[in-house]
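# Structural description and commentary
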Amino acid sequence: MTIVHPMWMEYPELHEELKQVKAMMHASITIENQQIREAIWAVLESGGKMVRPAYLILFSMWNENRNKEEVHAVAAALELLHVATLLHDDVIDEADTRRGQETISARFGNRVAIYAGDYLLTVCYQLLSKYSQDLAGIQIPTYGMMRVIEGELSQMEESYKTDVTIQDYLKRIDGKTAQLFMLSCMMGERFSGMGELERARHIGNSIGMAFQLLDDILDYEVSSSEFGKPVLEDVAQGIYTLPLIASLPKCEKELLPLLEKKNQLTATDRLAIQKLVVNAGGVETAKDFALKYTMKAIHQIFPSMVVLASYFAEDMVNFHHAFTQQPTNAVLYSIYAPSAFLPENQPCEGVIWSTTSGLSQNYLGQQFCQHYEQFFGYQPSYSQASIAFD
């Protein structure tokens, strides 16, 4: 029986298609070497969520007449590509655990892990060559794989560098992680027939960037047992992520002596780094970036609507209280507004808000515009509780 992560059970149609993708992945593993075959089957059943195939399938669903077998084959190919990169990563990182389980390299040895990863790469391109609609169906993943390798090389070059910048980090994860999300969305869009390949590229990139940022944040917010791998293992290996990079200028004197220990960091050292980064606001800075990329993805998915939910309601209430010195229990449920694709100066219709205790519509409109500028780079004009996008 083919089993996929239970998180997809809330979406029965997608859940069923992912089961078929996973079955195709298993059916594609025909190598005679028993040890390599067992190693690959072990990693395929290690609890991966199959997020990338899910995005590919979702994008393909715009076409009711899509060839599901082709969709599932390409989704399987890209997931096998992803698994291959994980196998090689674990060898390079000398990782003993992933997703809370023993890595293939730790269980079977580095040689088996490398050969298994190499074999999966060949299976990936075998599937693509058989099921792709045209040459671009092979060229796009090939270019994406080049970008993944470039991201990995950037990570290697930046190892243990304390002068790495936030821009260096963003460029690194754009290649290392976002490319596979972008590939999934683009390949799914090709089955949809919508002619929105560039839009799919931007959506996938934004989702992938947010995904990696959130994964790096977890290193500073959860325990090893919750995370599925040792806490701050990346730091011990010289891989500095945004929470740490953003914190370094604020507590350089305390952090640098710890970072100089490199892979000799003790459990106490790691906890000390965690605490310093959290107190310096590095995690919050990373969350701001993750939210920015999430909002970009939403904006690109729904170009006719921007959704700003209640995440800034508390800030608005506190701001109002500070100026009025009056208690308020105002709640901003959500704001919906047409995006910048409206004709010039067309007023926003149907802005929805719900407030009490003196938070006026004018005040909320101003706050909305400021938050819009924060995420999308410019501020719409505002007057008389109407919002216009120039």
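The following refers to the structure shown.

Procedures and definitions
Residues numbered from 1 in each chain as written. Predicted model: local features only at pLDDT ≥ 70, side-chain atom pairs only at ≥ 80, totals over all residues. Heavy atoms only, no water. Helix = DSSP H or I, 4+ residues; strand = E, 2+ residues; numbered from the N terminus. Contact = heavy atoms within 4.5 Å. Axes fitted to C-alpha atoms, helices over the stretch in contact; angles between N-to-C directions. Parallel < 35°, antiparallel > 145°, perpendicular 65-115°, else oblique. Nonpolar A, V, L, I, M, F, W, Y, C, P; charged D, E, K, R; others polar. Buried < 20%, exposed > 50% of the residue type's maximum accessible area, 1.4 Å probe, protein only. Salt bridge = Lys/Arg side-chain N within 4 Å of Asp/Glu carboxyl O. Core = buried A, V, L, I, M, F, W, Y, C linked by side-chain atoms within 4.5 Å. Phe/Tyr/Trp six-rings, centres within 6.5 Å; stacked < 30°, edge-to-face > 60°. Lys NZ or Arg CZ within 6 Å of the ring centre and 35° of its normal. Left-handed = near helix turned anticlockwise from the far one by under 90°.

## Regarding the overall build of the chain
Across its full length, the chain holds 17 helices and 6 strands. Taking the contacts inside the chain whose residues are at least 6 apart along the sequence as the reference set, 67% of them involve residues at least 24 apart.

## Comments concerning the packing of helix 2 (residues 34-44) against helix 6 (residues 110-131)
The interhelical angle for the contact between helix 2 and helix 6, taken along N-to-C directions, is 75°, at an axis separation of 9 Å. As summarised for this structure, helix 2 and helix 6 are arranged roughly perpendicular, according to the angle between their axes. Packed against helix 2, whose contacting residues are Gln35, Ile36, Ala39 and Ile40, the element helix 6 presents Val112, Tyr115, Ala116, Tyr119 and Leu120 at the interface. Classifying every residue of the contact of helix 2 with helix 6 gives 8 nonpolar, 1 polar and no charged.

## Re the environment of Gly137
Within the secondary structure, Gly137 is located in helix 7 (residues 136-157). Judged by relative accessible area, Gly137 falls into the buried class, the value being 1%. For the pair formed by Gly137 and Met187, sequence separation is 50 residues and the distance between their alpha carbons is 7.3 Å.

## Side note on the pattern of salt bridges
Throughout the structure, instances matching the rule amount to 14 salt bridges. Among the salt bridges present, the one from Lys19 reaches Glu16, with a minimum N-O distance of 3.8 Å. With Lys19 and Glu16 both in helix 1 (residues 12-27), this residue pair falls 3 residues apart, about one helical turn. What makes Lys19 partly exposed here is its relative accessible area of 22%. With its nearest N and O atoms 3.7 Å apart, the salt bridge here joins Arg199 to Glu196. Overall, the relative accessible area of 28% leaves Arg199 in the partly exposed class.

## Structural notes on unusual backbone geometry
Phi is mostly negative for residues that are not glycine, and the peptide bonds are mostly trans. Phi is positive for Met50, which is not a glycine, with a value near 60°. The residue Met50 is located in the loop between helix 2 and helix 3 (51-60) in this model. Of the residues examined, Met50 reaches a relative accessible area of 5% and is grouped as buried. Phi angles above zero are rare outside glycine, and Lys262 is one such case at about 50°. With respect to the element layout, Lys262 can be found in the loop between helix 13 (252-259) and helix 14 (267-279). Judged by relative accessible area, which is 40%, Lys262 ranks as partly exposed.

## Digging into the nonpolar core
What tends to happen in soluble globular proteins is that the nonpolar side chains get buried as a cluster. Counting 59 residues, the largest nonpolar core has Leu18, Ile40, Leu44 and Leu120 as the members making the most contacts within it. It is helix 4 (residues 68-93) that provides the largest number of residues to this core, a total of 13 residues. For Leu120, the contacting residues outside a window of four places in its chain are Ile29, Ile40, Leu80, Val83, Ala84 and Leu87.

## Some remarks on the side chain of His72
Among the secondary structure elements, His72 is positioned in helix 4. Beyond its immediate chain neighbours, meaning those up to four positions away, His72 contacts Glu17, Gln20, Val21 and Met24.

## Focus on the packing of aromatic side chains
In total, this model carries 3 aromatic pairs according to the counting rule given. Between Phe181 and Phe211, the ring centres sit 4.8 Å apart and the planes meet at 45°, which makes this aromatic pair tilted. Of the two residues, Phe181 sits in helix 8 (residues 166-192) while Phe211 sits in helix 9 (residues 197-218), which places them 30 residues apart along the sequence. Judged by relative accessible area, which is 0%, Phe181 ranks as buried. Ring pairing ties together the aromatic residues Tyr55, Phe181 and Phe211, which thus form one cluster. Cation over ring: Arg52 sits above Phe211, and NZ or CZ is 5.5 Å from the ring centre.

## Observations regarding the packing of helix 4 against helix 7
Between helix 4 and helix 7, the least distance of the axes is 12 Å, while the angle of their chain directions is 20°. Relative to helix 7, helix 4 is oriented roughly parallel. You can see that helix 4 and helix 7 cross each other, and the crossing is right-handed. Taking contact as the criterion, the partners of Leu78, Leu81, Thr85 and Asp89 in helix 4 are, on helix 7, Pro141, Met145, Val148 and Glu152. Each residue belonging to the contact of helix 4 with helix 7 can be placed in one class, and the counts come to 5 nonpolar, 1 polar and 2 charged.

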